[in-house]
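Next come the chains, spelled out residue by residue.
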Amino acid sequence: DVKVTQSSRYLVKRTGEKVFLECVQDMDHENMFWYRQDPGLGLRLIYFSYDVKMKEKGDIPEGYSVSREKKERFSLILESASTNQTSMYLCASSLVYEQYFGPGTRLTVT
Amino acid sequence: GQQLNQSPQSMFIQEGEDVSMNCTSSSIFNTWLWYKQDPGEGPVLLIALYKAGELTSNGRLTAQFGITRKDSFLNISASIPSDVGIYFCAGENSGGSNYKLTFGKGTLLTVNP
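As a starting point, this report considers the structure included with it. Here the structure is a predicted model, which is why all the values come from computation and not from measurement. (Residues numbered from 1 in each chain as written. Chains lettered and ligands numbered in written order. Predicted model: local features only at pLDDT ≥ 70, side-chain atom pairs only at ≥ 80, totals over all residues. Heavy atoms only, no water.)

Considerations on the pattern of salt bridges
All names here are of chain A.
1) Next: A full pass over the atoms with the stated rule returns 10 salt bridges over all chains.
2) Next: With a closest N to O distance of 3.6 Å, glutamate 79 and lysine 18 form a salt bridge. Residue glutamate 79 is found in the loop between strand E8 (73-78) and strand E9 (87-94), and its partner lysine 18 is found in the loop between strand E2 (10-13) and strand E3 (19-25); the two are separated by 61 residues along the sequence.
3) Next: Through salt bridges with shared partners, a single network forms among Asp28, Glu30 and Lys71. (Salt bridge = Lys/Arg side-chain N within 4 Å of Asp/Glu carboxyl O. Helix = DSSP H or I, 4+ residues; strand = E, 2+ residues; numbered from the N terminus.)

Quick notes on the sheet that holds strand E6 (residues 55-58) of chain B
Either a parallel or an antiparallel arrangement is found when strands of a sheet pair, and the pairing is made through backbone hydrogen bonds.
All names here are of chain B.
1) Next: Across the sheet, which stays open at both edges, the five strands sit in the order E1-E3-E8-E7-E6 with antiparallel pairing between neighbours. Lying at the two open borders of the sheet, with one neighbouring strand each, are strand E1 (5-7) and E6. In this sheet, adjacent strand axes meet at a mean angle of 15° when their direction is disregarded.
2) Next: Here E1 runs beside strand E3 (residues 19-24); their pairing, made up of three bridges, is antiparallel. Pairing of glutamine 6 across the sheet is with cysteine 23, part of E3. (Pairing = 2+ DSSP bridges. Axes fitted to C-alpha atoms, helices over the stretch in contact; angles between N-to-C directions.)

Examining the environment of isoleucine 60 of chain A
All names here are of chain A.
1) Next: With respect to the secondary-structure elements, isoleucine 60 resides in the loop between strand E6 (56-57) and strand E7 (64-70).
2) Next: For isoleucine 60, a relative accessible area of 17% translates into the label buried.
3) Next: Residues isoleucine 60 and glutamate 17 lie 43 residues apart in sequence; the distance between their C-alpha atoms is 20 Å. (Buried < 20%, exposed > 50% of the residue type's maximum accessible area, 1.4 Å probe, protein only.)

A few points about the packing of aromatic side chains
1) Next: The full count for this structure, using the stated rule, is 10 aromatic pairs over all chains.
2) Next: Between tyrosine 35 of chain A and phenylalanine 101 of chain A the ring centres are 5.6 Å apart and the planes differ by 40°, which places this aromatic pair in the tilted class. Here the residue tyrosine 35 of chain A occupies a position in strand E4 (residues 31-38), and phenylalanine 101 of chain A occupies one in strand E10 (residues 99-101), the gap between them amounting to 66 residues. Grouping residues by exposure puts tyrosine 35 of chain A and phenylalanine 101 of chain A together as buried.
3) Next: The structure contains a cluster of three or more aromatic residues connected by ring pairs, namely Phe33, Tyr35, Phe48 and Phe101 of chain A together with Tyr35 and Phe103 of chain B. (Phe/Tyr/Trp six-rings, centres within 6.5 Å; stacked < 30°, edge-to-face > 60°.)

Details of unusual backbone geometry
Residues and elements named next belong to chain B.
1) Next: Omega for the peptide link from serine 7 to proline 8 comes to -5°, which places this bond in the cis form.
2) Next: One can find proline 8 in the loop between E1 and strand E2 (10-14).
3) Next: Positive phi, close to 70°, is recorded for arginine 69, a residue that is not glycine.
4) Next: The residue arginine 69 is located in the loop between strand E7 (61-65) and strand E8 (71-76) in this model.
5) Next: By relative accessible area, arginine 69 is classed as partly exposed at 32%.
6) Next: One non-glycine residue, alanine 78, lies in positive phi territory at about 50°.
7) Next: Tracing the backbone shows alanine 78 in the loop between E8 and strand E9 (85-92).

In structure tokens:
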């Protein structure tokens, strides 16, 4: 079974803090993705990576950056958290098209 | 950007009823996927479809890849309370240039016992 884990299920941060969300997959997948999920807006792609040290912007990259130093780990960074980044963050990995998701991190920025 | 129109947005049904939901697009897709998301959890892959006209079952779930390649359907037979959740369709049409998916906005299913 594919396993995708995320570092925290719930996180509360203050405006202006730097926030790191970590994602680890154990299936040697090339591709990894970060999404945010908001009511009524569905899943929106923030960034994705198709290889170590490679990254591409998704649909809403503003305010975020990513890091992929090892194949199994993909980190999402909020350089200076803002209240409009309060959301559910989902990480996924894939070999080809079938994406497997982690349990999500519910981030609240106050 | 591309969009997948998923309908209905929500459904309220009685336990034992059958359910049908669909996803349509103005663009052709090469792959269709269906996911279920339980409250507070990440989406879980239910069914993947790779060929136009393909019909695939997974227990009480059946999904079809539309013959026009612009739509897909998911049916759930004899619903049970644990079927509650959000069902998402997702499609791929990059032709292999990348592995991004386009997601529908989901169908919220409520099952009354």
